[in-house]
Amino acid sequence: MIAPSILSADFANLAAAADSVAGADWLHVDVMDNHFVPNLTIGLPVVESLYRATDLPLDCHLMIENPDRWAPGYAEAGAANVTIHVEAATDPVQTARAIRSAGALAGLSIKPGTPVDPYLEILREFDTLLVMSVEPGFGGQKFMPEVLDKVRTAREHVNAGHLRLFIEIDGGIAADTIEQAADAGVDVFVAGSAVYAADDPGRAVELLRAQAREGMARCERALGRG
Ligand code: DX5
Ligand code: ZN
């Protein structure tokens with residue numbers, strides 16, 4: 001799945017930004033509070049308006065302190081998936097349950113320096129694992145290929161039936177990086193600048209999807225399933 005990040009879109013024209021990627025799977029919404037990350041974007045009122053303005057499922061990535069307090073509100077606002085950062089959460093399991101009971105999928109995100117192994121057990125309570133491939137806070141940064149080891153670990157646990165979740169990657173995903181991410185076992189690809197800096201964002205989504213399929217086919221062949 002391809003999830004364009006509106007962080008790289010024109011914030012004065014978010015409905016148009018959503019329309020321009022109507023063929024995407026999810027619309028990725030980066031919520032930043034200027035505390036957990038050194039940048040400030042949008043919050044609940046904008047998500048509520050965006051929900052009314054598009055049919056695309058909203059994938060809310062909360063880069064905020066105290067997500068336990070705020071995350072369920074995003075599910076109530078209609079988000080399809082609400083992702084919290086494990087580095088910020090006090091009680092991620094309780095928060096995942098609150099997000100799910102408000103009707104959304106629950107996501108857990110890890111920064112590039114955060115290992116995945118300590119969280120494999122609690123990931124049973126989540127629907128998505130968002131592996132950050134840049135330091136959270138800004139679009140347009142360079143992809144960090146070393147995080148793909150965490151993707152491979154999570155993919156092994158999913159394939160073995162120990163976990164059931166979407167593996168999502170966020171940061172620096174573009175034509176030159178998406179295939180290696182797909183090959184490592186990513187299901188959902190967030191792309192901000194690669195989509196919204198393109199002349200035709202809708203076409204950029206289709207090109208990324210085709211490349212992700214290519215990487216996935218390679219992964220399947222390596223597993224002897226292709
Ligand atoms: C960064 C955000 C990303 C950002 C990705 O903290 O979480 O979603 O929009 O932007 P690109 O794709 O440009 O790296
Ligand atoms: Zn994001």
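Residues numbered from 1 in each chain as written. Chains lettered and ligands numbered in written order. Predicted model: local features only at pLDDT ≥ 70, side-chain atom pairs only at ≥ 80, totals over all residues. Heavy atoms only, no water.

Draft legend 1. Layout of the coordination of the zinc ion (ligand 2). Distances from the zinc ion (ligand 2) to its protein donors, H28 (NE2), D30 (OD), H61 (ND1) and D170 (OD), fall within 2.0 to 2.3 Å. Geometry at the zinc ion (ligand 2) is octahedral, judged from its six donor atoms and the angles of 71 to 171 degrees they form at the metal. Here the donor residues of the zinc ion (ligand 2) share one chain and are spaced in sequence as H-x1-D-x30-H-x108-D. Highlighted residues: H28 in strand β2 (residues 27–32) and D170 in strand β7 (residues 166–170), separated in sequence by 142 residues. Taking the relative accessible area as the measure of exposure, D170 reaches 9% and is therefore buried. (Donors = N, O, S within 2.8 Å, 3.2 Å for Na, K, Ca; no water. Tetrahedral: all angles 85-135°; square planar, octahedral: opposite > 155°, others 65-115°. Helix = DSSP H or I, 4+ residues; strand = E, 2+ residues; numbered from the N terminus. Buried < 20%, exposed > 50% of the residue type's maximum accessible area, 1.4 Å probe, protein only.)

Draft legend 2. Region of the structure containing the side chain of D30. As for its placement among the helices and strands, D30 is situated in strand β2. Of the side chains bearing the opposite charge, K111 lies closest to the buried D30, which forms no salt bridge; the N-O distance is 14 Å. Within the structure, D30 has its side chain in polar contact with the side chain of S5 (distance 2.7 Å). In this structure the side chain of D30 is engaged in a polar contact, spanning 2.9 Å, whose partner is the side chain of H28. Those residues within four positions of D30 in sequence are excluded, and the remaining contacts are S5, L7, T41, I42, H61, M63 and D170. (Lys, Arg positive; Asp, Glu negative; His and termini not counted. Salt bridge = Lys/Arg side-chain N within 4 Å of Asp/Glu carboxyl O. Polar contact = N/O pair within 3.5 Å; in protein donor to acceptor, adjacent residues only side chain to side chain. Contact = heavy atoms within 4.5 Å.)

Draft legend 3. Here's a closer look at the environment of T177. With respect to the helices and strands, the residue T177 is situated in the loop between β7 and α6 (178–184). The class of T177 is buried, set by a relative accessible area of 7%. Separated by 19 residues in sequence, T177 and V158 place their C-alpha atoms 23 Å apart. In this structure T177 touches F143 and G172, once residues within four positions along its chain are discounted.

Draft legend 4. The sheet that holds strand β6 (residues 128–132), seen in detail. Strand order in the open sheet formed by eight strands is β1-β8-β7-β6-β5-β4-β3-β2, with parallel pairing between adjacent strands. The open sheet has two edge strands, β1 (2–4) and β2, and neither has a second partner. Ignoring which end each strand starts from, the neighbouring axes of this sheet average 25 degrees apart. Pairing geometry for β7 and strand β8 (residues 188–191), over three bridges, is parallel. Bridge pairing in β8 places D170 opposite V190. (Pairing = 2+ DSSP bridges. Axes fitted to C-alpha atoms, helices over the stretch in contact; angles between N-to-C directions.)

Draft legend 5. Main features of unusual backbone geometry. One non-glycine residue, N34, lies in positive phi territory at about 65 degrees. A relative accessible area of 44% means that N34 is categorised as partly exposed. We note that N66 has phi near 55 degrees; this positive angle belongs to a residue other than glycine. Topologically, N66 is positioned in the loop between β3 (58–63) and α3 (67–76). Judged by its relative accessible area of 40%, N66 is partly exposed.

Draft legend 6. A look at the site of ligand 1. Close to ligand 1 lie 20 residues; S5, G137, D170, G192 and S193 are nearest. In the environment of ligand 1, an oxygen atom lies 3.3 Å from a nitrogen or oxygen atom belonging to the side chain of H28. D170 is positioned such that a nitrogen or oxygen atom in its side chain is 2.7 Å from an oxygen atom of ligand 1. Protein chains shield 100% of the accessible area of ligand 1, which is 380 Å² for the free molecule. Listed by contribution, the elements that provide at least two residues to the shell around ligand 1 are β2, β3 and β8. (Near = heavy atom within 4 Å. Areas by Shrake-Rupley, 256 points an atom, 1.4 Å probe, with all protein chains shown as cover.)

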